[in-house]
Amino acid sequence: MTMTTRNSLRNQFNENMPPMLAGRLSLKSISFKIKRLQSDEHHWLGKNQPLIQPIIVCQAELSDYQDGVITICHSLEYVLQ
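Residue indices begin from 1 for each chain and proceed along its sequence in written order. In view of the model being predicted, local features appear only for residues whose pLDDT reaches at least 70, and side-chain atom pairs are presented and counted only at 80 or more, with totals across whole chains, interfaces and linings using the full set of residues. To get the side-chain values, all heavy atoms of the structure are used, and hydrogens and water are removed first.

### Examining the sheet that holds strand E2 (residues 52–63)
And then number 1: A pair of strands counts as paired when DSSP detects no fewer than two bridges linking them. Going along the chain from the N terminus, every DSSP run of H or I of four or more residues is numbered as a helix, and every run of E of two or more is numbered as a strand. Here we have 3 strands laid out as an open sheet, ordered E1-E2-E3, and antiparallel in their pairing. Only two strands of the sheet have a single partner each, and these edge strands are strand E1 (25–36) and strand E3 (69–77). When the angles between neighbouring strand axes are averaged without regard to direction, this sheet yields 20°.
And then number 2: Here E1 pairs with E2 via 11 bridges, running antiparallel. Bridge pairing in E2 links Ser-26 to Glu-61. Axis definition: a line fitted to C-alpha atoms, over the contacting stretch in the case of helices. Angles run 0 to 180 degrees between N-to-C directions.

### Digging into the environment of Val-57
And then number 1: In this fold, Val-57 is placed in strand E2.
And then number 2: When the C-alpha atoms of Val-57 and Phe-32 are compared, they prove to be 6.2 Å apart, with 25 residues separating the residues in sequence.
And then number 3: Only heavy atoms enter the contact rule, under which two residues are in contact if any of them lie within 4.5 Å. Discounting residues that sit within four places of it in the chain, Val-57 has contacts with Ser-29, Ile-30, Ser-31, Lys-33, Cys-73, His-74 and Ser-75.

### Here's the deal with the pairing of E2
And then number 1: Looking at chain direction, E2 and E3 are connected through 9 bridges and run antiparallel. By the bridge assignment, Leu-62 is partnered in E3 with Ile-70.
And then number 2: Hairpin connection of E2 to E3: 5 residues between the antiparallel strands, including Asp-67 at a positive phi of 65°.

### Describing a nonpolar patch on the surface
And then number 1: There is a patch of nonpolar side chains on the surface, built from Ile-34, Leu-51 and Ile-52 and spanning about 280 Å² of accessible area.
And then number 2: With respect to the helices and strands, Ile-34 occurs in strand E1. In this analysis, a patch consists of residues with relative accessible area above 30% that form no salt bridge, clustered at 9 Å for like charges and at 5 Å for the nonpolar side chains Val, Leu, Ile, Met, Phe, Trp and Tyr. Method for areas: the Shrake-Rupley scheme with a 1.4 Å probe, in which residue coverage is limited to the protein chains shown. Throughout this description, the term salt bridge denotes a Lys or Arg side-chain nitrogen within 4 Å of a carboxyl oxygen of Asp or Glu.

### Overview of the environment of Cys-73
And then number 1: Tracing the sequence through the fold places Cys-73 in strand E3.
And then number 2: Separated by 13 residues in sequence, Cys-73 and Ala-60 place their C-alpha atoms 6.4 Å apart.
And then number 3: Aside from chain neighbours lying at most four places away, what touches Cys-73 is Val-57, Cys-58 and Gln-59.

### Quick word on the nonpolar core
And then number 1: We define the nonpolar core as a collection of buried residues of types Ala, Val, Leu, Ile, Met, Phe, Trp, Tyr and Cys that are connected through side-chain atoms lying within 4.5 Å of one another. Any residue under 20% of the maximum accessible area for its type is buried, any over 50% is exposed, and the rest in between are partly exposed; the area is computed with a 1.4 Å probe on protein chains only. Counting residues in hydrophobic clusters, the biggest one holds 5 residues: Leu-9, Leu-27, Ile-30, Ile-56 and Cys-58.
And then number 2: Every element with two or more residues in this core is listed here: E1 and E2.
And then number 3: Those residues in contact with Ile-30 that sit more than four places away from it in its chain are Arg-6, Leu-9, Arg-10, Ile-56 and Val-57.

No statement about biological role is implied by the geometric values presented.
Set out below in structure tokens:
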């Protein structure tokens, strides 16, 4: 994954943020991982089944009204076809 992907994700995060969270929720990191998939002879794609699945992990921090910080981590698994 490239810096372009990171920038795109950051832009989407900021553009879709509810107004009540603006200034309180901030994206701290974006990382990319690869999950290896096991081969399955009954897979619907047959011999063309993917061997890996990319995972994007986003970590954000939410500042509460008492200036505490809550860390939020969310993983997005993409299905390759």
